[in-house]
Amino acid sequence: MPSFLEARELVLSRVPRLPPEDVSALEAVGRVLASDVATPIDFPRFDNSAMDGWALRAADATEPTTLPVVGRVNAGAPGSAPLSPRTAVRIMTGAPIPAGADTVVPLEDAEERAGTLHLSRAPRSGAHLRRRGDDIAAGAVALRAGTVLGAAEVSFLASVARPTVPVHRRPRVAVVSTGDELVEPGAPLGPGKISDSNGYAVAAAVAQAGGVPLRLGIARDEVEALRALLADGLRADMLITTAGVSMGDRDLVRKVLGELGVENVFSSVEVKPGHPTAFGVRGATAVLSLPGNPVSTLMMLEQLVRPALLRMQGYERVLRPLVPAVLDEPLSHRAGRVTFARVKLERRDGVLRARSAGKQETSFLRPLLEADGIALLPPERGDAPAGITVPVQVFRPDDDPGGGSDRTR
Ligand code: AMP
Ligand code: MG
């Protein structure tokens with residue numbers, strides 16, 4: 001049975017990086033560029049003024065002087081007549097520099113009276129001029145494959161008039177909940193029935209990780225029903241099932257997946273919660289069979305599914321940063337596996353401190369709802385005493401002004 005880190009590595013190494021699709025520059029934000037993007041045109045595209053002021057020849061103003069102002073060039077002007085020697089034109093920021101002019105004098109550095117420009121000192125030749133291609137010359141690679149596109153990258157794409165850009169495709173993720181006790185959330189709950197919360201949890205986590213969830217519904221604990229839904233799900237980039245993977249005689253998911261040709265990579269992981277998580281592949285489809293307990297499902301979505309979906313979309317950094325925190329109280333834990341402890345966090349005297357967010361039971365959701373993060377209790381030792389430092393995955397990083405826009409659990 002793989003350790004947590006081995007299992008995560010197995011999943012990451014077996015999922016494919018999805019091929020590119022062209023999307024509009026606006027839709028590309030947050031996605032990963034699939035190939036280098038070179039600049040099709042010079043940027044800036046033409047010599048233009050960096051200031052509101054006057055364009056002139058520096059050679060005409062090597063000492064205090066006056067020049068007649070013979071015209072005006074606004075931003076957006078198609079161009080203007082070449083500048084005659086010993087004249088100046090009014091020019092606006094972003095307006096094309098007339099041929100012959102080589103210098104811009106800002107409004108605040110000179111004075112125009114009755115059509116004459118009065119310069120009390122010589123401007124620096126070439127000042128306040130943005131030269132064609134100075135920022136990024138045509139043909140230069142400005143964005144590298146693997147870049148996560150943010151506002152600056154989108155600005156660049158818009159600047160050089162690239163309407164679309166190739167980014168790794170979003171994974172399509174089939175979601176199948178299994179269990180005779182499940183009903184669709186919102187439908188009447190008969191005796192002994194519960195809502196299929198896992199189906200929603202999986203869909204939510206997939207969407208948060210950039211994937212496209214396809215809820216195929218609930219399969220009864222019965223081979224035929226399972227076979228139909230799982231076969232359908234295997235056409236997606238990833239198939240995620242919940243429940244039916246422990247040792248009960250109604251736990252048929254792995255058996256049916258095997259019959260459908262899924263190669264089993266592992267059938268359990270040394271973690272708690274989430275131990276009976278299985279991973280397999282068929283062709284290009286990754287199959288994650290998660291346990292039924294909602295907290296176990298949520299932990300595995302965070303620990304295995306999210307990194308896998310990010311990797312499929314080309315992200316290099318697929319793991320959340322780990323923040324060290326000091327345990328305020330002992331946490332029970334068995335050596336040999338990683339425990340994902342739901343913890344409350346508090347910063348005292350500059351030190352981040354963690355305590356249990358409630359009962360660490362896999363059937364208890366409330367502690368997870370109240371938690372600020374997940375402490376990873378390492379496999380090397382059993383029960384974690386108060387005072388030791390443990391790595392924590394923080395739901396709301398201190399420096400996130402959005403206050404949890406990236407909160408996944
Ligand atoms: P199982 O793995 O089928 O033994 O299920 C373990 C536990 O998870 C049982 O208490 C199930 O009722 C519960 N469970 C299974 N599937 C879901 C689901 N889709 N939503 C909520 N709870 C579930
Ligand atoms: Mg069951």
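Every chain is numbered on its own, with residues counted from 1 as its sequence reads. Key to labels: chains lettered from A, ligands numbered from 1, both in the order written. Local features in this predicted model are restricted to residues whose pLDDT is 70 or higher, and side-chain atom pairs enter the listing and the counts only when it is 80 or higher, whereas totals over whole chains, interfaces and linings include all residues. Side-chain metrics rest on all non-hydrogen atoms present in the structure, leaving aside hydrogens and water.

### Looking at the overall build of the chain
Right, on to step 1. Across its full length, the chain holds 7 helices and 26 strands.
Right, on to step 2. Rg of the C-alpha trace for the chain: 31 Å, well past the compact-globule value of 22 Å for 409 residues, more than 25% over.
Right, on to step 3. Seen through its C-alpha atoms, the chain measures out along the principal axes to roughly 95 × 55 × 40 Å.
Right, on to step 4. Residue burial is assigned from relative accessible area. The probe radius is 1.4 Å, only protein chains are included, and a residue is buried under 20% of its type maximum, exposed over 50%, and partly exposed in between. In the chain, which comprises 409 residues, the proportion classed as buried is 46%.
Right, on to step 5. Any pair of residues with heavy atoms lying within 4.5 Å of one another is described as a contacting pair. Restricting to contacts in the chain with at least 6 residues of sequence separation, those with at least 24 account for 71%.
Right, on to step 6. Summed over all atoms, the accessible surface of the chain reaches about 18900 Å², with 52% contributed by carbon and sulfur. Secondary structure is summarised from DSSP: a helix means a run of H or I of at least four residues, a strand means a run of E of at least two, and numbering begins at the N terminus for each. Here the globule rule is a power law, 2.2 Å times the number of residues to the power 0.38, and the radius of gyration is based on C-alpha atoms. Surface accessibility in these figures is a Shrake-Rupley result with a 1.4 Å probe; residues are shielded only by whichever protein chains are displayed.

### Focus: the layout of surface pockets
Right, on to step 1. Grid spacing is 1 Å over the protein atoms alone, the probe is 1.4 Å, and a cavity is where that probe fits but cannot get out, while a pocket is an open set with protein on both sides within 12 Å along at least five of seven lines and lining residues have an atom within 4 Å of a point. Grid points are joined across faces, edges and corners, and a volume is the space filled by probe spheres set on the points. Estimates place the volume of the second largest pocket at around 300 Å³.
Right, on to step 2. Considering the residues around the second largest pocket, the lining is formed by 23 residues, among which Phe4, Leu5, Arg8, Leu322 and Leu376 are closest to the centre.
Right, on to step 3. Counting only elements with at least two residues in the lining of the second largest pocket, the list comes to α1 (4-14), α6 (294-312), β25 (373-377) and β26 (389-394).
Right, on to step 4. Counting residues per element, the lining of the second largest pocket draws most heavily on α6, at 4 residues.
Right, on to step 5. Basically, the charged four are Asp, Glu, Lys and Arg, the nonpolar ten are Ala, Val, Leu, Ile, Met, Phe, Trp, Tyr, Cys and Pro, and anything else, Gly included, counts as polar. For the lining of the second largest pocket, the per-class residue count stands at 12 nonpolar, 4 polar and 7 charged.

### A closer look at the side chain of glutamine 393
Right, on to step 1. As for its position among the elements, glutamine 393 is in strand β26.
Right, on to step 2. Given the relative accessible area of 6%, glutamine 393 is considered buried.
Right, on to step 3. Other than its neighbours up to four places away in sequence, glutamine 393 contacts Glu302, Gln303, Pro321, Leu322, Asp372, Gly373, Ile374 and Leu376.

### A short note on the sheet that holds strand β17 (residues 238-242)
Right, on to step 1. On the basis of which strands lie adjacent, the open sheet formed by 6 strands has the order β16-β13-β17-β21-β20-β18 and mixed pairing. Lying at the two open borders of the sheet, with one neighbouring strand each, are β16 (212-219) and β18 (263-266). Put simply, the sheet's adjacent strands are angled 20 degrees from each other on average, direction ignored.
Right, on to step 2. Here 7 bridges tie strand β13 (residues 172-178) to β16, and the two strands are oriented parallel to one another. In the sheet register, serine 177 faces β16, and the bridge partner there is isoleucine 218.
Right, on to step 3. Only the contacting stretch of a helix is used when fitting its axis, a line to C-alpha atoms as for every element, and angles between N-to-C directions run 0 to 180 degrees. Packed onto the sheet, helix α4 (residues 223-233) meets β13, β16 and β17 and runs at close to 170 degrees relative to β16.
Right, on to step 4. Contacting β13, β17, β18 and β21 (285-290), α6 crosses the sheet at an angle of about 180 degrees to β17. Any two strands are treated as partners once DSSP identifies two or more bridges connecting them.

### Thoughts on the site of ligand 1
Right, on to step 1. Each residue is tested against the molecule or strand, and it is near if at least one of its non-hydrogen atoms lies within 4 Å. Taken together, 17 residues form the shell around ligand 1, and within it Glu181, Asp196, Asn198, Gly292 and Asn293 come nearest.
Right, on to step 2. Glutamate 181 places a polar side-chain atom, nitrogen or oxygen, 2.6 Å from an oxygen atom of ligand 1.
Right, on to step 3. Identification of polar contacts relies on pairs of N or O atoms within 3.5 Å, with a donor-acceptor requirement for protein atoms, meaning one able to donate a hydrogen and the other able to accept it, and with residues adjacent in sequence counted only if both atoms are side-chain atoms. Between a nitrogen atom of ligand 1 and a main-chain N or O atom of asparagine 198, the distance comes to 3.2 Å.
Right, on to step 4. Contact with the protein chains hides 76% of the accessible area of ligand 1, taken as 490 Å² for the molecule alone.
Right, on to step 5. Counted by class, the shell around ligand 1 contains 4 nonpolar, 10 polar and 3 charged residues.

### Section: the confidence of the model for the chain
Right, on to step 1. Per-residue confidence from the predictor is reported as pLDDT, which spans 0 to 100. Across the chain, the average pLDDT comes to 94, with 96% of residues at or above 70.
Right, on to step 2. The model gives residues 400-409 a pLDDT under 50, and that stretch makes 26 contacts with residues more than four places away or in other chains.

### Some remarks on the nonpolar core
Right, on to step 1. Only buried Ala, Val, Leu, Ile, Met, Phe, Trp, Tyr and Cys residues count toward a nonpolar core, and they belong to the same one when joined by side-chain atoms within 4.5 Å. The biggest cluster of nonpolar side chains holds 40 residues, and the ones touching the most others in it are Met238, Ile240, Leu301, Val305, Leu309 and Phe340.
Right, on to step 2. At 10 residues, the largest contribution of residues to this core is made by α6.

### Thoughts on the packing of α1 against α6
Right, on to step 1. Remark: α1 packs on α6, axes separated minimally by 9 Å, with the N-to-C direction vectors making an angle of 30 degrees. Put simply, α1 runs roughly parallel to α6. Like other packed secondary-structure pairs, α1 and α6 cross with a definite hand, here right-handed. The segment α1 lies against α6, with Phe4, Ala7, Arg8, Val11 and Leu12 engaging Gln303, Leu304, Pro307, Ala308 and Arg311.
Right, on to step 2. Of the residues belonging to the contact of α1 with α6, the class tally is 7 nonpolar, 1 polar and 2 charged. When describing relative orientation, an angle under 35 degrees is termed roughly parallel and one over 145 degrees roughly antiparallel, while 65 to 115 degrees is termed roughly perpendicular and anything else oblique. Note on convention: the crossing is left-handed when the near helix lies turned anticlockwise from the far helix by less than a right angle, right-handed when the turn is clockwise.

### Side note on the packing of helix α3 (residues 197-208) against α6
Right, on to step 1. Viewed as axis vectors pointing N to C, α3 and α6 meet at an angle of 25 degrees, and their least axial separation amounts to 10 Å. Compared by their axis directions, α3 and α6 come out roughly parallel. You can see that α3 and α6 cross each other, and the crossing is right-handed. Of α6, the residues touching α3 (which contributes Ser197, Asn198, Ala201, Val202, Ala205 and Val206) are Pro294, Thr297, Leu298, Leu301 and Leu309.
Right, on to step 2. Across the contact of α3 with α6, the residue classes tally to 8 nonpolar, 3 polar and no charged.

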